[in-house]
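Report on the structure
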Amino acid sequence: MNTRSFEEKRIEAGRRLGISPEAIPRHVAVIMDGNGRWATERGLPRFQGHEQGAKIVESLATHCVNCGIEYLTLYSFSMQNWKRPKEEVDFLMYLYASYLEGIRPSLMEKNVQFAHVGRREPLPQDVLDALDETVRITSVNTGMTLGFALNYGSRTEIVDAVRALAQEAKDGQIDPQAIDEQVIGDHLYTAGWHDPDLVVRTSGEMRISNFLLWQISYAEFYVTDVYWPDFTLEELDKSLLAYASRQRRFGDTKPKTPTQG
Ligand code: IPE
Ligand code: IPE
Ligand code: MG
């Protein structure tokens, strides 16, 4: 079991990278893009890109654990991805269900708490069972939170939050005037989490594709041309170094250290 504190890990990772521990992001959110192109460029079917993409997740998540990152959110399947050909969607659903089962021992060993970020409907029952069981067995853990954004759409997440708040107001449980940014954040799937400090997107697209729109208001972006299956630990370190070199200001005139909110 991995029980060193986040702070101790950040100090060690900061030393390794030659940056201060405060320059390590608390929450990294990743748009894992480019599996299809990775495969197509090799003359392989797209599903092999997805398979390869899934294989690298574990070592990257472990690297984040070792860096003292508190939240890692991985964009795995958007609500818009249902538009893809049925064979590709079916393969991805099969991949998620078997993948989640496979990573449980590693999540336990690394003390990682697993969370589903997204809507349940219309995920197939075997995927829901795999998500629920992974959440259940890792709920005793106290280390990094791994958010798995599966069947996730940011606008839908906001719709769900607004509906819940409207219902609470109708039922007299909340005064509409009491609704502020904190209350809205508390009704999102990521309630209680530190907002992402760093958003990484692989494969070069300069867009957000409906990912965590509310939560990334002041996140730093890092886009690399590398396709997701080729995203190594060295590439992850490059994104951390880029983040450490940024000056965050949050609207102020004075720069703050990267993790000061
Ligand atoms: C990301 O890779 C994985 C999912 C969206 C499920 P893509 O499948 O989008 O790969 P490209 O963008 O077509 O190369
Ligand atoms: C975003 O990638 C979603 C995931 C990585 C899961 P997409 O490939 O779906 O995004 P677009 O279609 O290029 O915007
Ligand atoms: Mg894509």
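To start, this report covers the structure provided alongside it. Note that the structure is a prediction, hence the values are computed from the model and not measured. (Residues numbered from 1 in each chain as written. Chains lettered and ligands numbered in written order. Predicted model: local features only at pLDDT ≥ 70, side-chain atom pairs only at ≥ 80, totals over all residues. Heavy atoms only, no water.)

**A short note on the environment of serine 106**
With respect to the helices and strands, serine 106 occurs in helix α5 (residues 86-109). Along the chain, serine 106 and cysteine 64 lie 42 residues apart, while their C-alpha atoms are 14 Å from each other. (Helix = DSSP H or I, 4+ residues; strand = E, 2+ residues; numbered from the N terminus.)

**Regarding the sheet that holds strand β5 (residues 198-201)**
Strands sit in the order β3-β4-β2-β1-β5-β6 across an open sheet of six strands; the sheet is parallel. The open sheet is flanked by β3 (113-117) and β6 (220-223), the only strands paired with a single partner. Neighbour-to-neighbour, the strand axes of the sheet open up by a mean angle of 20°, direction not taken into account. Pairing geometry for β3 and strand β4 (residues 145-152), over five bridges, is parallel. Bridge pairing links phenylalanine 114 to leucine 146 in β4. Each of β3 and β4 is contacted by helix α6 (residues 125-138), which is oriented at about 145° to β3, the strand it contacts most. (Pairing = 2+ DSSP bridges. Axes fitted to C-alpha atoms, helices over the stretch in contact; angles between N-to-C directions. Contact = heavy atoms within 4.5 Å.)

**Thoughts on the site of ligand 1**
Around ligand 1, the surrounding shell holds 13 residues, and the nearest of these are Asp33, Gly36, Arg37, Arg46 and Arg84. Aspartate 33 places a side-chain nitrogen or oxygen 2.8 Å from an oxygen atom of ligand 1. Within the contact set of ligand 1, an oxygen atom lies 2.9 Å away from a side-chain nitrogen or oxygen of arginine 46. Alone, ligand 1 offers 380 Å² of accessible surface; in the complex the protein occludes 88% of this. For ligand 1, the cavity whose grid points lie within 2 Å of the majority of its atoms is the largest pocket. For the shell around ligand 1, the secondary-structure elements that each account for two or more residues are α2 (35-40), α3 (46-55) and α5. It is α2 that contributes the most residues to the shell around ligand 1, three residues altogether. Looking at the shell around ligand 1 residue by residue, the class counts come to three nonpolar, six polar and four charged. (Near = heavy atom within 4 Å. Polar contact = N/O pair within 3.5 Å; in protein donor to acceptor, adjacent residues only side chain to side chain. Areas by Shrake-Rupley, 256 points an atom, 1.4 Å probe, with all protein chains shown as cover. 1 Å grid on protein atoms, 1.4 Å probe; cavity = no way out; pocket = protein on both sides within 12 Å on 5 of 7 lines; lining within 4 Å. Sits in = over half its atoms within 2 Å of the grid points. Nonpolar A, V, L, I, M, F, W, Y, C, P; charged D, E, K, R; others polar.)

**Quick look at the nonpolar core**
With 52 residues, the main nonpolar core has Val30, Ile69, Leu72, Leu131, Leu150 and Trp228 as its most contacted residues. Element by element, the count of residues in this core is highest for α5, at eleven residues. Excluding anything up to four places from it in sequence, valine 30 contacts Leu72, Thr73, Leu74, Tyr75, Val200, Phe211 and Trp228. (Core = buried A, V, L, I, M, F, W, Y, C linked by side-chain atoms within 4.5 Å. Buried < 20%, exposed > 50% of the residue type's maximum accessible area, 1.4 Å probe, protein only.)

**Comments concerning the side chain of threonine 138**
Within the element layout of this structure, threonine 138 appears in helix α6. Within the structure, threonine 138 has its side chain in polar contact with the backbone oxygen of threonine 134 (distance 2.8 Å). With residues up to four places along the chain from it excluded, the contact list for threonine 138 reads Leu107, Met108, Val112, Gln113 and Phe114.

**Considerations on the layout of surface pockets**
The space that makes up the largest pocket amounts to roughly 640 Å³. Taken together, 29 residues line the largest pocket, and the ones lying closest to its centre are Met32, Asp33, Ser76, Asn81 and Arg84. If you list the elements that add at least two residues to the lining of the largest pocket, you get α2, α3, β2 (71-78) and α5. In this structure, the second largest pocket encloses a volume near 460 Å³. What lines the second largest pocket is a set of 22 residues, among which Glu181, Trp193, Asp195, Trp214 and Gln215 lie closest to the centre. Here the lining of the second largest pocket is composed, by residue class, of eight nonpolar, nine polar and five charged. (Points joined across faces, edges and corners; volume = space filled by probe spheres on them.)

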